[in-house]
Structure formats: C-alpha cells, structure tokens
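# Survey of secondary and tertiary structure
Read off the chains here:
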Amino acid sequence: MTTEVSILPIQSVYSIDNRTITAEVLHEEPLIVKFLNVLSDEECQNLIDCASSRLERSKLAKKEISSIRTSSGMFFEENENPLISEIEKRISSLMHLPIEHAEGLQVLHYEPGQEFKPHFDFFGPNHPSSSNNRISTLVVYLNDVEEGGVTTFPNLGIVNVPKKGTAVYFEYFYNDQKLNELTLHSGEPVIQGEKWVATQWMRKKQIRERL
Ligand SMILES: O=C(O)CCC(=O)C(=O)O
Ligand SMILES: [Fe+2]
C-alpha cells in the first residue's frame, strides 16, 4: 500500500490566533487526530447559547428524519456574527483548507438516549453533492458529558471521550476508498447529562462565495 499525503500537516502543536492547540495522532491512515484547546470555555458556552433556541430534529444528508440520528441541531449562517467568523477562521486554519471550502458550522445537541449511529460523513456516489464531496471533519466538544456520548470509530477500535474545548479530526479524501471507509464513526448514546458538539465539514472544492 502506498502512503498518501494527508491534508493536515502532522504536528504536535499548532499556533493559531495566539492559541496553542496541541495534537495527538490517534491513527495515521486514515488520519485521525485529537486536538486540545481548540475553543475556550467561553466560546463553547457562547456557541451553546446562540444555538439552543434554534435547534431542530437532525436529518440525514438526504434530508430524511431517521433513527440513525436522533439528536437535534442547527447550522449557523456563514460569518453569521463575529463569534462565528472567528471560530470558522480558526477551524479552517487548523484543518489546513481555505474557508471557502467550509460548510456552515453545525451545532448538535444530544439528550440521554440520543445518538448518531455509525455513518460516513462523505456523500455516496449518487448524492447530488458528491461532485464536490466532503473530505474532512472536525467535531468540537462544547461540554463534558457525565456518562456516554463517546465518539467511536468501530473499524479502528478508537473511542474518544468528549471534553469541553477539545476536538476530533478525521479525513477521507483518499484515492483508496477502503481508507475512506475506515472513517465509519458514531456518536454513542448519551447515558447521563447532555452532549453538545460543533461539527465542521470541509468540501473538496470551494462551496462558499468569496467575500
Ligand atoms: O457526536 C459525535 O460524537 C459525532 C458527530 C458526527 O459524527 C457528525 O457530526 O458528523
Ligand atoms: Fe459524522
């Protein structure tokens, strides 16, 4: 097997916006990285506060309601306010892609029993968005979950425990589709407490208008 070049330059520390974000590689190919200190406690709380009155039952990529995904969520508009602009800029620098490749930032809320069953973030070949498919994901945890709500990669044996301000990153742009399929992942049911995440999905090509 040949090794493909990752989107993310692998480093143990990233300095962005005067912030020191540390990284731990959880898996090399497909690349899965855990980041610490992506957002401050205040930014996490502000995102939750802005999102909480706008939550709706989450849908699948095909816009269907399904038992696969029982959380509720919302999308921010691009550059919706100064907080969102700053977070979007930081996240796209961290993900090493131009902000024009970023979908709107999504916030998800899970209550006890709610989950996101194993799925891929990329679109299947027949989906209308597959010509400009997703290539990478950052899931930022906005709170600590009392029990449950871990993110798992069942084909790789990886389990990541939510912790406020930290994030899990993975990419699935590989020519070898088998590598992409190893990014199957789930948000396990919350058992106790609640879980808030912000998800950034990145596309292969520009999706936003340039400002
Ligand atoms: O909630 C999680 O841990 C995973 C979220 C996720 O897979 C997604 O937003 O695509
Ligand atoms: Fe996902």
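Residues numbered from 1 in each chain as written. Chains lettered and ligands numbered in written order. Predicted model: local features only at pLDDT ≥ 70, side-chain atom pairs only at ≥ 80, totals over all residues. Heavy atoms only, no water.

The protein appears in an unreviewed UniProt entry as Proline hydroxylase from Solibacillus kalamii. You can read under Cofactor (unreviewed entry) in the UniProt record for the protein the words "L-ascorbate". (UniProt positions renumbered as here; feature names shortened; annotations may be inferred.)

### Thoughts on the overall build of the protein
Of the regular secondary structure elements, the protein holds three helices and 15 strands. Relative to the 2.2 N^0.38 estimate, which gives 17 Å for 211 residues, the radius of gyration of the protein is 16 Å and therefore close to what a compact globule would have. By its C-alpha atoms, the protein is 45 × 40 × 35 Å across when sized along the principal axes. Every one of the 211 residues in the protein was classed for burial, and the buried ones make up 52%. Taking as baseline every contact in the protein between residues at least 6 positions apart, the subset at least 24 positions apart corresponds to 74%. When the accessible surface of the protein is totalled, it reaches about 10,200 Å², and 50% of it is carbon and sulfur. Averaged over its 21 positive side-chain charges, the protein has a centre that lies 4 Å from the centre of its 30 negative ones. (Helix = DSSP H or I, 4+ residues; strand = E, 2+ residues; numbered from the N terminus. Rg over C-alpha atoms; globule rule 2.2 N^0.38 Å. Buried < 20%, exposed > 50% of the residue type's maximum accessible area, 1.4 Å probe, protein only. Contact = heavy atoms within 4.5 Å. Areas by Shrake-Rupley, 256 points an atom, 1.4 Å probe, with all protein chains shown as cover. Lys, Arg positive; Asp, Glu negative; His and termini not counted. Charge placed at Lys NZ, Arg CZ, Asp CG, Glu CD.)

### Some thoughts on the packing of aromatic side chains
Evaluated as defined, the whole model comprises eight aromatic pairs. Taken together, a centroid distance of 6.3 Å and an interplanar angle of 45° make the contact between F75 and W201 tilted. Within this pair, whereas F75 is found in strand β5 (residues 72–75), its partner W201 is found in strand β15 (residues 195–203), the two being separated by 126 residues in sequence. We classify F75 as partly exposed; its relative accessible area is 43%. Ring geometry for F170 against Y172: centres 5.9 Å apart, planes inclined by 45°, an arrangement best described as tilted. Taken individually, F170 and Y172 each receive the classification buried, so the pair is uniform in this respect. Through pairs of rings, three or more aromatic residues link up here, namely F120, F122, F153, F170 and Y172. Over the aromatic face of W201 sits the side chain of R134, whose NZ or CZ is 3.7 Å from the ring centroid. We note K195 situated over the ring of Y110; from NZ or CZ to the ring centre the distance is 4.5 Å. (Phe/Tyr/Trp six-rings, centres within 6.5 Å; stacked < 30°, edge-to-face > 60°. Lys NZ or Arg CZ within 6 Å of the ring centre and 35° of its normal.)

### Section: the sheet that holds strand β12 (residues 167–171)
Pairing is antiparallel in the open sheet, where nine strands are placed in the order β1-β2-β3-β12-β8-β15-β6-β5-β4. Of all strands in the sheet, those bounded by a partner on one side alone are β1 (13–16) and β4 (56–57). The pairing of strand β6 (residues 106–110) with β15 spans five bridges and is classified as antiparallel. Bridge pairing in β15 places Y110 opposite K195. Where helix α1 (residues 41–52) meets the sheet, it contacts β2 (19–27), β5, β6, β8 (134–141) and β15, and its direction lies at approximately 90° from that of β15. Helix α2 (residues 82–94) contacts β1, β2, β3 (32–36), β8 and β15 of the sheet and is inclined by roughly 145° relative to β1. (Pairing = 2+ DSSP bridges. Axes fitted to C-alpha atoms, helices over the stretch in contact; angles between N-to-C directions.)

### What about the nonpolar core?
F35, L47, L138, V140, L142 and Y169 are the most contacted members of the largest nonpolar core, which totals 38 residues. Elements that contribute at least two residues to this core include exactly β1, β2, β3, α1, α2, β8, β12 and β15. With five residues, the top contributor of residues to this core is α2. With 16 residues, the next largest nonpolar core counts I158, V168, Y172 and V190 among its residues. (Core = buried A, V, L, I, M, F, W, Y, C linked by side-chain atoms within 4.5 Å.)

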